[in-house]
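# Remarks on the overall topology
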Amino acid sequence: MFFGGDADFQRLLRESGFDRSDLRSEDELNCTLPAILDFPNLMRKKSIGVALACFLISMYLFILLAIVCDDYLVPSMERLCYTLRMTYDVAGATFLAAATSAPELFVAFIGTFITEGDIGVGTIVGSSVFNVLGIATVCGIFTGVTAKLDWWPISRDTMWYLASISLLGIVLIDSKVMWYEAAIMLSLYFIYLTTLIFDRKLQGLCRSLDGERELMDEDPMLREEDPFKTFREHICSKPEKGSPCIEVTWWVIKYPSIFILAITTPSVRTIFFFTMLIAVIWISGISYLLSWFLTVVGYNIGIPDSIMGLTVLAVGTSVPEVVSSYIVTRKGYGSMAMCNAIGSNTFDIFICLGLPWLLKNLIKGQPIQINSTGLTITSAMLVATVVLLYAGFLLTKFTLGKPVGWMSLITYILFLVCAIAIEITQNKLNHCDIEDNAYTNYLHQNL
C-alpha cells in the first residue's frame, strides 16, 4: 500500500508506466480519482468532525480574505492609480486583475509541477464563469450603487477575453501543449498590456475623448472621507461604548484577523507597493486553503468533485475578485470592478496557464499532456456567458445596476443547471473510494 505524498505517488505511477489519466480510464477501477488527491496528504479519512472543522475554518477564511482586500489591497491600488496617473479601468484590468488572480497562478504551478494533473486548468476554467457573472451579480444587486460605465474599456477587455478563450481552445485541441504555443499565450498578454499603455491614444483614433474619465486626480492620502488607517488604528480599533451587542460580537470575531494582518502587513500609508505584495501573498495562501478545505468538506459529505468544482470551489477561488470588485464599486469605480472581472480571466488564461506550461516545456523538453475532454462545451459556455453579459450592458446602455445584476444571476443559475446536467449525463460522478480495500489493493498489485 502507498503511504507517501502526492509527488511521490505520481512519480511511482510514472515509473510503473501509469499516470493519472491511465487510472481514470482503467476498467478494473471503473471510477475517477477524487480531487482531494490534488492536495496535501492530510484529512483524507472521512470524518464528520474534520468536515465540520474545515467548514468553520473556511467561513473564517472568507472574513480574513475580505479584510485583506478592504484594508490593504484596494487602498494600495488607489495609491498606485494616483502615483501612475492611471485610469481605474486600466488599473482594474492590470494590477488588480493580476493581484486577485494570484491564487489561480499558484494553483496552476502546483498542478503543472507537483501533482502533474489538470487541477490548474480546471480551477481557471471553473472560476471564469463565476468571475464574470458572479461579480456582475454582486456589484449590481448588493452594493446599492448604480454605476454608469464607459463602453470602451468593457468592449476592449471583452474582445481580449474572447481572443484568449479561442486561443486556449486551439492550444488544447490535440490535448498537448507545445512550448511555442505557451510562448504565444505569454506574448499575446504582453501585447494586451501594450494596448493598455497606449489606450488613450487608441481611443483618440476611434472616438472623441471629451467624455469624463475615471482618472485619479485626488491624493487618497489626503482625503478626509474614509481615510487610510495606520498600524495603531488597526491594532487599537474597537467598538464605541454603548454599541449594539451584535456589533461588539462581530468585532470580537474578526479582531484576531485584524491583529494578525496588522503585524504582518505594512500599513498602506508606508510603502504601498510592499503592502500590495504582502496582501497578494496572503490572498494566495488563503485561497489555496479555502479550495483545500472546501474540497475536504465536499469529499466528506459525498458531493461529487465535478459538482464541487462548478459551484463551491469556483466561488472559493473567485472570492478575491468578488470582494475587491464589491469594495471598488461601493467607492464609485464601477469600470475598475468590471475590468477586474474580465481582465482577471484574460490574465488567468494567458499568464496562469501559459507561464507554467512554457517553463515546464523548457525544463522537460517535451510537450505537456492535458486532459481536454469536454473542452468544446466548456469553451462554448465561457463564450456564451461573456457575450450575454456584454449584451446586458448594451441593453442598459452600460449601466451597472440591478437589471444587469439580476440578469447575470439568472444566467449563472442556468449555466449551473446545464453544466451539472452535462456532468450527470456523461457519467462523471463515480469517483474512487480511496479508503476502499479493493482500490488500495489494486494500486499495490499494479505498482
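Quick look at the structure, then. (Residues numbered from 1 in each chain as written. Predicted model: local features only at pLDDT ≥ 70, side-chain atom pairs only at ≥ 80, totals over all residues. Heavy atoms only, no water.)

### Remarks on a nonpolar patch on the surface
Our working definition: Like-charged residues are merged into a patch within 9 Å and nonpolar side chains (Val, Leu, Ile, Met, Phe, Trp, Tyr) within 5 Å, provided each residue has over 30% relative accessible area and no salt bridge. Calculation of accessible area relied on Shrake-Rupley with a 1.4 Å probe; when residues are assessed, cover is drawn exclusively from the protein chains displayed. By definition here, a salt bridge exists when the distance from a side-chain nitrogen of Lys or Arg to a carboxyl oxygen of Asp or Glu is within 4 Å. Helix and strand assignments come from DSSP, with helices taken as H or I runs of at least 4 residues and strands as E runs of at least 2, each series counted from the N terminus. Each residue's exposure class comes from its accessible area (1.4 Å probe, protein chains only) as a fraction of the maximum for that residue type: buried when under 20%, exposed when over 50%, partly exposed otherwise.
Side chains of Leu84, Phe95, Ile271, Phe273, Phe274, Leu277 and Ile281 sit close together on the surface and give an oily, nonpolar patch of about 690 Å² of accessible area. In this fold, isoleucine 281 is placed in helix α12 (residues 272-301). Judged by relative accessible area, which is 53%, isoleucine 281 ranks as exposed.

### Points about the packing of helix α4 (residues 88-100) against helix α7 (residues 151-171)
To be explicit about the condition: The convention used is that axes are lines fitted to C-alpha atoms, helices contributing only their stretch in contact, and that angles between N-to-C directions extend from 0 to 180 degrees. Just so you know how the angles are binned, under 35 degrees is roughly parallel, over 145 roughly antiparallel, 65 to 115 roughly perpendicular, and the rest oblique. Note on convention: near helix rotated counterclockwise from far helix by under a right angle means a left-handed crossing. Clockwise means right-handed. Only heavy atoms matter for contacts: two residues are in contact if any of them lie within 4.5 Å across the pair. Amino acids outside the nonpolar list (Ala, Val, Leu, Ile, Met, Phe, Trp, Tyr, Cys, Pro) and the charged list (Asp, Glu, Lys, Arg) are all regarded as polar, and Gly is one of them.
It is at 10 Å that the axes of α4 and α7 come closest, and there the two elements cross at 25 degrees. Accordingly, the angle class assigned to the pair α4 and α7 is roughly parallel. At the point where α4 passes α7, the crossing takes the right-handed sense. Taking contact as the criterion, the partners of Asp89, Val90 and Ala93 in α4 are, on α7, Pro153, Arg156 and Asp157. Among the residues making up the contact of α4 with α7, the classes are represented as three nonpolar, no polar and three charged.

### Describing the packing of aromatic side chains
Geometrically, a pair of aromatic rings is defined through the distance of the ring centres and the angle of the planes. The line we're drawing: Two rings from Phe, Tyr or Trp (for Trp, the six-membered ring) form a pair when their centres sit within 6.5 Å of each other. Planes less than 30 degrees apart are called stacked, planes more than 60 degrees apart edge-to-face, and all others tilted. As a reminder, the over-ring test applies to NZ of lysine and CZ of arginine, requiring each to be within 6 Å of the ring centre and within 35 degrees of the ring normal.
Summed over all chains, the structure comprises 13 aromatic pairs. Note on tryptophan 292 and phenylalanine 293: the rings are 5.5 Å apart at their centroids and 25 degrees apart in plane angle, and the pair reads as stacked. Summarising the burial analysis for this pair, tryptophan 292 and phenylalanine 293 share the class buried. The structure contains a cluster of three or more aromatic residues connected by ring pairs, namely Trp160, Tyr189, Tyr192, Phe347 and Phe350. Positioned above the aromatic ring of tyrosine 299 is the side chain of lysine 46, whose terminal nitrogen or guanidinium carbon lies 5.0 Å from the ring centre.

### Notes on helix α8 (residues 179-197)
Operational definition: For a helix, the expected span equals 1.5 Å multiplied by the number of residues minus one.
Its 19 residues give α8 an end-to-end C-alpha distance of 27 Å, which sits within 8% of 27 Å, the value for a rise of 1.5 Å per residue. Of all the residues in α8, the buried ones are Glu181, Ala182, Met185, Leu186, Tyr189, Tyr192, Thr195 and Leu196. Lining the buried residues of α8 we find α4, α7, β2 (176-177), α9 (199-206) and α15 (334-364).

### A short note on α15
To be explicit about the condition: Bend angle per residue: angle between axes fitted to the 7 residues ending at that residue and the 7 residues starting there.
Between its first and last C-alpha atoms α15 spans 44 Å; for 31 residues at 1.5 Å apiece the expected length is 45 Å, and the two agree. Where α15 bends most, the angle comes to about 35 degrees, and this point is aspartate 348. Burial within α15 is extensive, with 26 of its 31 residues counted as buried. One or two positions beyond α15, positive phi appears at glycine 365, with a value near 75 degrees.

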